[in-house]
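In case you want the letters, here they are:
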Amino acid sequence: QVQLVESGGGLVQAGGSLTLSCAASGNIFSIPVMTWSRQAPGKQRELVARISSDYSTNYADSVVGRFTISRDIAKKSVYLQMNSLLPEDSGVYYCNMRVQQRGSDEFRDDWGQGTQVTVSS
């Protein structure tokens, strides 16, 4: 079993900053890909940022220059530093990890429970 626990969401004024964290636990051999996605009410979930095992990153156009994704392999954790927040950044943020478990050649996608981010104008 693999569990992802997120933290760091909350209420912030426009222009402010938040840092989200997500830590994985369980039977884990490797985590080649980690991502953050978000979902606003009435909208589809969208990919916000992605980081690979070689630390290469990709961002949604709407967050380039404002958000930074990072990872700590030893802690099996991924972070999302969010600066210059806008009201349209509000939503539930989910972390996702592509996990290879010990004793398996297969990969699985695991998701966190989600953390609410609300940006007031």
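Below: a short report on this structure.

## Let's talk about the side chain of Asn96
Moving on, step 1. Along the polypeptide, Asn96 turns up in strand β9 (residues 91-100).
Moving on, step 2. Taking relative accessible area as the criterion, Asn96 reaches 8% and is therefore assigned buried.
Moving on, step 3. Of note is the side chain of Asn96, whose polar atom sits 3.2 Å from the backbone oxygen of Asp110.
Moving on, step 4. Apart from the residues within four sequence positions on either side, Asn96 is in contact with Leu4, Val33, Met34, Thr35, Asp109, Asp110 and Trp111.

## Overview of the nonpolar core
Moving on, step 1. Ranked by internal contacts, the top residues of the largest apolar core, which has 28 residues, are Trp36, Phe67, Val78, Leu80, Met82, Tyr93 and Met97.
Moving on, step 2. Contributing elements (two or more residues each) for this core: β1 (2-7), β3 (18-26), β4 (30-39), β5 (46-52), β7 (67-72), β8 (77-82), β9 and β11 (115-120).

Criteria and thresholds
Residues numbered from 1 in each chain as written. Predicted model: local features only at pLDDT ≥ 70, side-chain atom pairs only at ≥ 80, totals over all residues. Heavy atoms only, no water. Helix = DSSP H or I, 4+ residues; strand = E, 2+ residues; numbered from the N terminus. Buried < 20%, exposed > 50% of the residue type's maximum accessible area, 1.4 Å probe, protein only. Polar contact = N/O pair within 3.5 Å; in protein donor to acceptor, adjacent residues only side chain to side chain. Contact = heavy atoms within 4.5 Å. Core = buried A, V, L, I, M, F, W, Y, C linked by side-chain atoms within 4.5 Å.

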